[in-house]
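Structural characterization, general
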Amino acid sequence: MKTAKPFEIPKQLVFQAYQEVKAKGGAAGIDGESIKDFEQNLKDNCYQLWNRLSSGSYFPPAVKAVPIPKKSGGHRVLGVPTVSDRIAQTVVKIVLEPMLEPIFDDDSFGYRPKRSAHDAIAITRERCWKYDWVVEFDIKGLFDNIDHTLLLKALRKHCDCKWILLYVQRWLTAPMQDKGGNLIARSRGTPQGGVVSPILANLFLHYALDAWLRREMSTVLFCRYADDGVLHCQSQKQAEYVLKRIERRLHDCGLDIHPEKSGIIYCKDKDRKAKFERVSFDFLGYTFKPRRCVNKQGLVHPNFLPGISQASKKAINQEIRSWHIQLNNGSSLSDLSEMFNVVLRGWSQYYG
């Protein structure tokens, strides 16, 4: 006689999650198991994972701490889950995303289906023509500093699925393992690198910022992509007021903006003659600034437009130098294109 499981999770959902994880690839976690290793005993591994998830006995292993360089210098630490844990998180994401997507703001673009960085850049470009002033903000260490109590409160508001709430809570407190094998306990944040982390971060910022902006400053247009964002203002005085309010609001929610990556910008062009110290800002790999433009009458004038940023150019140059193409004298042109075209095509599609 079969005993009913506490949670009804379809087996097919676990297999669907495995297919999504396989399609995205990714490195092994602390157990060293790759996707190919997982597939060696695919049926039993998927069944075992389903069995543990549906019985409530699944406890996520520690995430692997992997430092990666940032364009601006320094490093950020990714928390890489094991393959089986990525599949388990994807199971939750598949069920949770349709619940949360309808509540998210139209001007939130990061980590959301059918929305891209290009969408955020396009709408920001248009609004910079209509509004003279911009407030840019960058949240310092968003994924490391999310308050668990506030996040779970927001999650319970929209999700009453017991197994999702149970496993999200376990993922939030799963430790991180460094190179030396030491386990680092976590009481805040959600690991950057986890499958469910982006949607949880979006939920947190929806209430910490997006919904608050709509409620408190309904006339200020904004665009947010994960922890980066811009707000459009009609005057310098309004911009100064907005920046102070944003700083205070995020601080009250346990977050802080990056002082060097946040501030006020004047969108200078041919019709805007005022003088201000900052007339450019970086957003999603692009620099918005006055650029040489030719109008329909053939007259040259400055217009406030986006283009690839210096930081992005530097990162591309460093990547190309790391290929050491000059050492590939024995490779044919087709060999070189096979090695590098995927990356070159990606740069062209994003920055072109």
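Notes on the structure in this doc start here. (Residues numbered from 1 in each chain as written. Predicted model: local features only at pLDDT ≥ 70, side-chain atom pairs only at ≥ 80, totals over all residues. Heavy atoms only, no water.)

1. A word on the sheet that holds strand β6 (residues 221–225)
Within a sheet, adjacent strands bond to each other through the backbone by hydrogen bonds, running parallel or antiparallel. Cut-off, in case you're wondering: For two strands to be treated as a pair, DSSP must find no fewer than two bridges joining them. A run of H or I in DSSP counts as a helix once it spans at least four residues, and a run of E counts as a strand once it spans at least two, with each numbered from the N terminus. Note on geometry: axes are lines fitted to C-alpha atoms, helical ones only across the stretch in contact, with angles between N-to-C directions running from 0 to 180 degrees. In what follows, residue pairs with any heavy atoms lying within 4.5 Å of each other are defined as contacts.
Across the sheet, four strands lie side by side as β6-β7-β3-β8; this open sheet has antiparallel pairing. Across the chains shown, the open sheet's two edge strands, defined by having one partner strand only, are β6 and β8 (263–266). Here the strands of the sheet are splayed against their neighbours by 20 degrees on average, with no regard to which way each runs. Judged from the five bridges that link them, β6 and strand β7 (residues 228–233) form a sheet pairing that is antiparallel. When the sheet's bridge partners are listed, phenylalanine 222 is paired in β7 with leucine 231. Across the sheet, helix α5 (residues 117–130) is in contact with β3 (133–138), β6 and β7; its angle to β6 comes to roughly 155 degrees.

2. Section: the environment of glutamine 16
Within the element layout of this structure, glutamine 16 appears in helix α1 (residues 11–24). Separated by 86 residues in sequence, glutamine 16 and proline 102 have C-alpha atoms that sit 23 Å apart.

3. Some thoughts on the packing of aromatic side chains
Selection rule: Pairing of aromatic rings covers Phe, Tyr and Trp, the last through its six-membered ring, and needs centres within 6.5 Å; plane angles under 30 degrees mean stacked, over 60 mean edge-to-face, and all others mean tilted. The buried label goes to any residue with under 20% of its type's maximum accessible area, the exposed label to any with over 50%, and the partly exposed label to all in between, with areas taken from a 1.4 Å probe on protein chains only. Only Lys NZ and Arg CZ are tested; either one counts as a charge over a ring when it is within 6 Å of the ring centre and within 35 degrees of the ring normal.
Following the criterion strictly, the structure yields 16 aromatic pairs and no others. Residues phenylalanine 281 and phenylalanine 288 carry aromatic rings whose centres are separated by 4.8 Å and whose planes lie at 0 degrees to one another, so their mutual orientation is stacked. Where tryptophan 323 meets tryptophan 347, the ring centres are 5.8 Å apart and the plane angle is 15 degrees; that geometry is what we call stacked. With tryptophan 323 in helix α11 (residues 310–323) and tryptophan 347 in helix α12 (residues 333–351), the pair connects residues that are 24 residues apart, well separated along the chain. Among the residues examined, tryptophan 323 registers a relative accessible area of 15% and is labelled buried. Among the aromatic residues, ring-to-ring pairing joins Phe15, Tyr18 and Phe38 into one connected group. The ring of tryptophan 50 carries the charged tip of lysine 11 above its face, separated from the ring centre by 4.8 Å. Here arginine 115 stacks its cationic end above the ring of phenylalanine 109, 5.2 Å away from the centre of that ring.

4. As for the packing of helix α4 (residues 83–100) against helix α9 (residues 197–216)
What counts here: Oblique is the label for every angle not falling under 35 degrees (roughly parallel), over 145 degrees (roughly antiparallel), or within 65 to 115 degrees (roughly perpendicular). Should the near helix be turned anticlockwise from the far one by less than a right angle, the crossing is left-handed, and should it be turned clockwise, the crossing is right-handed. Lys, Arg, Asp and Glu make up the charged group, whereas Ala, Val, Leu, Ile, Met, Phe, Trp, Tyr, Cys and Pro make up the nonpolar group; the residues left over, Gly among them, are polar.
Two elements in contact, α4 and α9, have axes whose closest approach is 10 Å; the angle formed by their N-to-C orientations is 25 degrees. Relative to α9, the element α4 lies roughly parallel. By crossing handedness, the relation of α4 to α9 is classed as left-handed. Along its contact with α4, which presents Leu96, Glu97 and Leu100, the element α9 presents Ile199, Leu200 and Leu203. Each residue belonging to the contact of α4 with α9 can be placed in one class, and the counts come to five nonpolar, no polar and one charged.

Everything listed here is a matter of coordinates, which is why it stays silent on function.
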